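This is what each chain is made of:
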Amino acid sequence: MSYVSCVLRAATPRCLPAPWRSPRPFSSATGPTAKKSVPYQKTLKEEGSGTGEPSRPLPPSAEVVVVGGGSLGCQTTYHLAKQGVTSVVLLERDRLTSGTTWHTAGLLWQLRPSDVEVELLAHTRDVVSRELPAETGLHTGWVENGGLFIASNKQRLDEYKRLMSLGKAYGVESYVLTPSQTKDLYPLMNIDDLYGTLYVPKDGTMDPAGTCSTLARAATARGATIIENCPVTGIQVRADNFGVKRVYAVETAHGTIQTPCVVNCAGVWARALGRLAGVHVPLVGMHHAYVVTERIEGIQNMPNVRDHDASVYLRLQGDALSVGGYESNPIFWEEVSEKFAFGLFDLDWDVFMQHIEGAINRVPVLEKTGIKSTVCGPESFTADHKPLMGEAPEVRGFFLGCGFNSAGMMLGGGCGRELAHWIIHGRPEKDMYGYDIRQVASVSLPSRRFHHSLTDNNRWIRERSHESYAKNYSVVFPHDEPLAGRNVRKDPLHEELLRQGCVFQERHGWERPGWFNPRGAAPVLDYDYYGAYGQERHRDYTYNRLLGDEYTFDFPPHHDIIKNECLTCRNALALFDMSYFGKFYLVGPEATKAANWLFTADVSKAPGSTVYTCMLNKRGGVESDLTVSRISPGDPASPLAPAFEGDGYYLAIGGAVAQHNWSHITAVLQDMKLQCKLLDCSEELGMMSIQGPLSRVVLQEVLDTDLSNEAFPFSTHKLTTAAGCTVRAMRLSFVGEMGWELHVPKADCVKVYQAVMQAGARHGITNAGYRAIDSLSIEKGYRHWHADLRPDDTPLEAGLAFTCKLKSSIPFLGREAVEAQKAKGIFRRLVCFTTEEKVPMFGLEAVWRDGEVVGHIRRADFGFAIDKTIAYGYIRDPTGGPVSLDFVKSGSYELERMGVTYPARAHTKSPFDPDNKRVKGFY
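Think of each chain on its own: its residues are numbered from 1, step by step along the sequence as written. Local features in this predicted model are restricted to residues whose pLDDT is 70 or higher, and side-chain atom pairs enter the listing and the counts only when it is 80 or higher, whereas totals over whole chains, interfaces and linings include all residues. Side-chain calculation: all heavy atoms of the structure are included, whereas hydrogens and water are not.

## What about the pairing of strand E29 (residues 582–588)?
Note the following rule: The buried label applies to any residue whose accessible area, calculated with a 1.4 Å probe on protein chains only, is under 20% of its type's maximum; exposed applies above 50%, and partly exposed to all values in between. Strands are runs of DSSP state E lasting at least 2 residues, helices are runs of H or I lasting at least 4, and numbering of each runs from the N terminus. Paired strands are those between which DSSP finds at least two bridges.
Of all seven residues in E29, seven are buried, a share of seventy percent or more. Side chains of E29 alternate between two faces, with Gly-582, Phe-584, Leu-586 and Gly-588 and Lys-583, Tyr-585 and Val-587 buried alike. As paired elements, E29 and strand E32 (residues 647–653) share seven bridges and run antiparallel to each other. Bridge pairing links Lys-583 to Ala-652 in E32. As paired strands, E29 and strand E33 (residues 677–680) are joined by four bridges and run antiparallel to one another. Among the inter-strand pairings, Val-587 is bridged to a residue of E33, identified as Lys-677.

## As for the packing of aromatic side chains
Inclusion rule: Each aromatic pair joins two rings of Phe, Tyr and Trp (for Trp, the six-membered one) with centres within 6.5 Å, and gets the label stacked for planes under 30 degrees apart, edge-to-face for over 60, and tilted for any other angle. A positively charged side chain is recorded as over a ring if its NZ (Lys) or CZ (Arg) lies within 6 Å of the ring centre. The angle to the ring normal must also be within 35 degrees.
Under the criterion given, the structure shown has 28 aromatic pairs. Judged by centre distance (5.9 Å) and plane angle (40°), the ring pair of Phe-340 and Phe-345 falls under tilted. Summarising the aromatic geometry, the rings of Tyr-527 and Tyr-529 are spaced 4.6 Å apart at their centres and angled 50° between planes, so their arrangement reads as tilted. Clustering of aromatic rings is evident, with ring pairs tying together Trp-269, Trp-333, Phe-340 and Phe-345. One residue, Arg-93, lies across the ring of Trp-269, its end atom 4.5 Å from the ring centre. Over the ring of Phe-332 we find Arg-462, and its NZ or CZ is 4.7 Å from the ring centre.

## Observations regarding the sheet that holds E32
Counted only if it meets this: Note on method: axes are straight lines fitted to C-alpha atoms, helices fitted across the in-contact stretch only, with angles between N-to-C directions ranging 0 to 180 degrees. Contact between two residues is taken to exist if any of their heavy atoms lie within 4.5 Å; hydrogens are not considered.
One open sheet holds the five strands; their spatial order is E30-E31-E32-E29-E33, and the pairing between them is antiparallel. Of all the strands in the sheet, the pair left with one neighbour each is strand E30 (610–616) and E33. Strand-to-strand twist across the sheet, computed as the mean angle between neighbouring axes with direction ignored, equals 30°. Packing of helix H15 (residues 591–598) onto the sheet brings it into contact with E29, E30, strand E31 (622–631) and E32, and relative to E29 it is tilted by some 125°.

## Some points on the sheet that holds strand E14 (residues 255–258)
Here three strands make up an open sheet; going across it, the order is E12-E13-E14 and the pairing antiparallel. The outermost strands of the open sheet, each flanked by one partner alone, are strand E12 (232–239) and E14. Across the sheet, the mean angle separating the axes of adjacent strands is 30° when strand polarity is ignored. Relative to E14, strand E13 (residues 245–252) runs antiparallel, the two sharing four bridges. By the bridge assignment for E14, Glu-251 is matched with Thr-256.

## Thoughts on the pattern of salt bridges
The test is simple: Only one rule defines a salt bridge in this text: a Lys or Arg side-chain nitrogen within 4 Å of an Asp or Glu carboxyl oxygen.
Tallied over the full model, the rule gives 52 salt bridges. The closest approach of N and O atoms between Arg-499 and Glu-496, which form a salt bridge, is 3.0 Å. Here Glu-496 and Arg-499 lie together in helix H12 (residues 494–499), a separation of three residues that amounts to about one turn. By relative accessible area, Arg-499 is classed as exposed at 59%. On the basis of relative accessibility, which here comes to 15%, the residue Glu-496 falls in the buried class. A single salt-bridge network, built from bridges that share partners, covers Asp-115, Asp-431, Arg-790, Asp-792, Asp-793, Glu-797, Arg-828 and Arg-858.

## Notes on the nonpolar core
Put simply, the rule is: The nonpolar core is taken to be a set of buried Ala, Val, Leu, Ile, Met, Phe, Trp, Tyr and Cys residues, with the residues joined through side-chain atoms within 4.5 Å.
Counting 110 residues, the largest nonpolar core has Val-64, Val-263, Cys-415 and Phe-576 as its most contacted members. In terms of residue count, the dominant contributor to this core is helix H9 (residues 408–425) (eight residues). Each residue touching Phe-576, except ones within four places of it in the same chain, is listed here: Cys-569, Met-687, Met-688, Ser-689, Gln-691, Val-735, Ala-768, Gly-769, Ala-772, Ile-773 and Leu-776. Val-262, Ala-266, Leu-316 and Ile-360 belong to the second largest nonpolar core, which has 61 residues in total.

## Digging into the packing of helix H3 (residues 115–136) against helix H6 (residues 208–221)
Each pair of packed helices can be summarised by the angle the axes make with each other and by the distance between the axes. Going by this rule: Each angle is binned into one of four classes, with values under 35 degrees roughly parallel, values over 145 roughly antiparallel, values of 65 to 115 roughly perpendicular, and all other values oblique. By convention, the crossing between two helices is left-handed when the near helix turns anticlockwise from the far helix through less than a right angle, and right-handed when the turn is clockwise.
Orientation of H3 relative to H6, taken along the N-to-C sense of each, is 45°, at an axis distance of 10 Å. In terms of their interaxial angle, H3 and H6 are classed as oblique. As for the relative orientation of H3 and H6, their crossing is left-handed in sense. Contacts between H3 and H6 pair Val-127, Val-128, Leu-132, Glu-135 and Thr-136 from the former with Thr-211, Thr-214, Leu-215 and Ala-218 from the latter.

In C-alpha cells form, the structure reads like this:
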C-alpha cells in the first residue's frame, strides 16, 4: 500500500524511488502499459466474444451506422432509436466502453458558464436518473450525492455566483455557502483558505458501464442493432452527379454495410476513422489520470468536490475518493494504438503530484490515507476545449460526435440527443454552433473555430490543445484571450496597428483589433507553455499583463480607454479595421433564384443596392444576419468585382461566423442543385469602417465621389477611388452612426488607411477596436449573431420581422415556420434592459419580472453615450401565454448579477437614437 503523503514526498527529485523515477515527458508514443479489470464481464451479446467474430451478423444496409461504443456512441444510438430510426447499427471494435469511457470518473456538474451546456447537462441527468430506469427497469448507477465548488478568492466566488444566477433561470438548485457552512456540510474539509463555496445538491456521479449497458438495452429494445468485436476498416465515399462527396458504405473485416450516414463516435481514434473517409478531425490524445484511495472514515455520502484553484477534483467512490485534475504539463499520446482496449498507462507521479498537494490541502486526512489503485488512460482533447459535432464539410453524411475533452459522460445525453436530431432533421434543436465541425474549415475559408491553416499545423493544434487542457479549471473571464497559437493570420493593417498600441483579439486564427493601448505596442509572443516542459516563461510580457489586468467581473481597468474610443466615434469619427470579415460572392445564372430562397429580405434589387437580411433554417431559426449587395460583373475581373454570367451578389459577414455562413449556403445550393457559385475573397480584401458624424467631411477628402445623402444614400455602394486605389465604398453602419465601409484589395490597404488617418487627424479621428464595436452596437440595438441571435431564435422573437419579405409572395427558406409563428403568437421575445446603477454585466444574468424568473441575459455591455448598463435577453410568460409588447411594458423588472438584483427598465425600442436619424446623416 502506498500512502498519499509518501507519494508527495517521493515525487521530489531527491528521494524519488527507482520504480517511480522518470523524466517529465512532453509526449508518449507507447501503448497501454497496464491493465485494470474491465468494468463488466458480460457483454450485451456474448456470442463471438473473444473468438474474433462479431457479436451479431452484419445487416446488408442501415439508415445510420454509429462507430464507437462509448458514451457518445451509445447515447447517439439510443436517441436515434428513440426518435424513430429503427435501422441504426452501432459498431464497436472491441466491447462497449473499452476505449476511453470505461475508466472515466463519470462526474456530472449541472452548472457551467454556458446556457446551452446547462441545457445539455440537464438532459443527460434526466436520461440517467429517470428515463433509462423507467424504460428498462435497470439502475444506471446514478448517485445523487451533490457537488461542491471551492473558492479560495473573490474572483472565483464571483464566478460561482454568476453560475448560481444562471441556474435560477433553469431551475437548478444551488447555494453559496460560507466557510463555516461548508465545514458543516463536509466535516473533513480544510476551510482555512476558503473564501466560500457553491453547493449544488442534485449534482452527482454516473457509472460508465452501467449507463452504457442500459443505453444499449434500451436502444436494442427500440430496434437498434449493436455489434461488438467488429472494427471498421474502410468508409466508402462516392461523388454524386454534381460532384458532391457522400457516404456510401462502411467496410469491416466481417462484411460491408451500405449506408448514407456514418457517425464518428470513436473518441481518441476519431482521427483515424476520419481519415478513412477523407475527413480531418482536429483532436489530440493525452494521458488523463486519477487515483483511488483506500477507505476513508466519515467520507460516505459527501458531495463531489471541485477545487478549481488547486486544479483538483475529489469524487466520492463509496467509502473512498477518486482524486484527479488537470495539470499544466500533460503527456500527449502521439501514436494512438489501434489495439488498445480496457488498457491504461503507468501513472507518471512527477506529473500527477501537483494534484496530490491540492487534495491533501483540501482534505487533510488524505495525507495518511492509502492509495488503492491508479487510473491513467487516454482522453481526446480539442484546441478550444469544445466537442466536435455535426456533418463534416468534406463529406455529406459523415457526422462527428467526438473530442469531448473528458466530458463525454456528462455531456453525452444532451449531445447524443442533439446529434440524433441533427442526423434526422438536418440541424440540431439547440444552438450547437460552438460545437459544429463545419466551423473547422477544410479549404481556404475563414471559420470561427479553426481555419485549415491551423488544423493542418501540428504545432498549432498541440499549443492550443495544451492551453485548453491546462486552463480547464481557470476562471472564465469575459475578456480572456488565448496565448497559444497566435499570429497565424494577420490582416494587411496588422503591423501598422500594432505600432499604434493595438491590443489584439484572436478569432479563428485572425488577429483582430480589440482596443488600443495608449502606452504603446503590446505584441503577442510565441507560446511558452506556461513554463511547462522546460520552456522558459516570458518575462515583462506586456500583452499577458494587459490580459491579466482584465481578469475581473468588475469594470476592467481599460474601461475608460474603450469609453474614449466609443465617445470619439459618437462625437467625431473612428476607424475600425474589420478586415477579418468574410467576403463572399454568389454569382451565376441562378444566383437570384438562390438569393431569393436563402435570404429573408428582398435582395433582388438593382446593382448598387445593399440590404441587411437574415438567413433561416427550416424551423425559422436565424442561421445568420449579413449584408447582401447586388453587383455588376467586373471587366476585367478583380477581387472587388469578379467576372460572371448571370447575376451577382456580394456578401459581407461577421468574420467569427463566416464559415458557418459558407457551410449553410453551400448545403442549400447542393440540395437545390442550383447553377451558381459561391466564391471566397476574404483573404484578398481588407475592410475598414469609418464611422461618426464627421465621417463624411473626412472621407470626402479621400474618396473620388460625392458623399451627399442624395448622391450616396444609406444602404448603397459603389466602386470609387481612394488615394489612387480602387475600393468598394458602402454606406452602412454597425455602430449606429453615419459612416462608410471601404472594401480594399489587400495590397492597397495600408495606403488607403494612411490617407484616411491623415485626412482625419485635424478632425480628431481615432483607431477603435471590437470592444468599442460591442458597446456601440448594443447601445444602438444592433444584434450580434450567436449572442442575442442564434439558430434557435426566430426573426419575430428577435425583433427582426422587418427583414422578412412576408408582404411579398416570394418563398424563402423558413418562411412557413415564420408565418406559422406569427399566426400562433410569440411565446418568447428579446427585450432590451437598462439599469440606473452603473454595474458591469456580461451575460448569463437572471431576469426577474414581478418576482418571477422569466429568462436570462444573452448579451450585455456598457453604453457610454447613454451612460448606462445595457442588457438583452429573451423572456417568457411564466403562465405559458404569448409575450406581447404589452406584456413587456407592463412588468416590473430586475436583473440578478451574482446573487444581487438591480432594478431594470425594459425598452421596446433602442435607447439610443430610436428614430434612426444618425445613420442617415441627420444630427
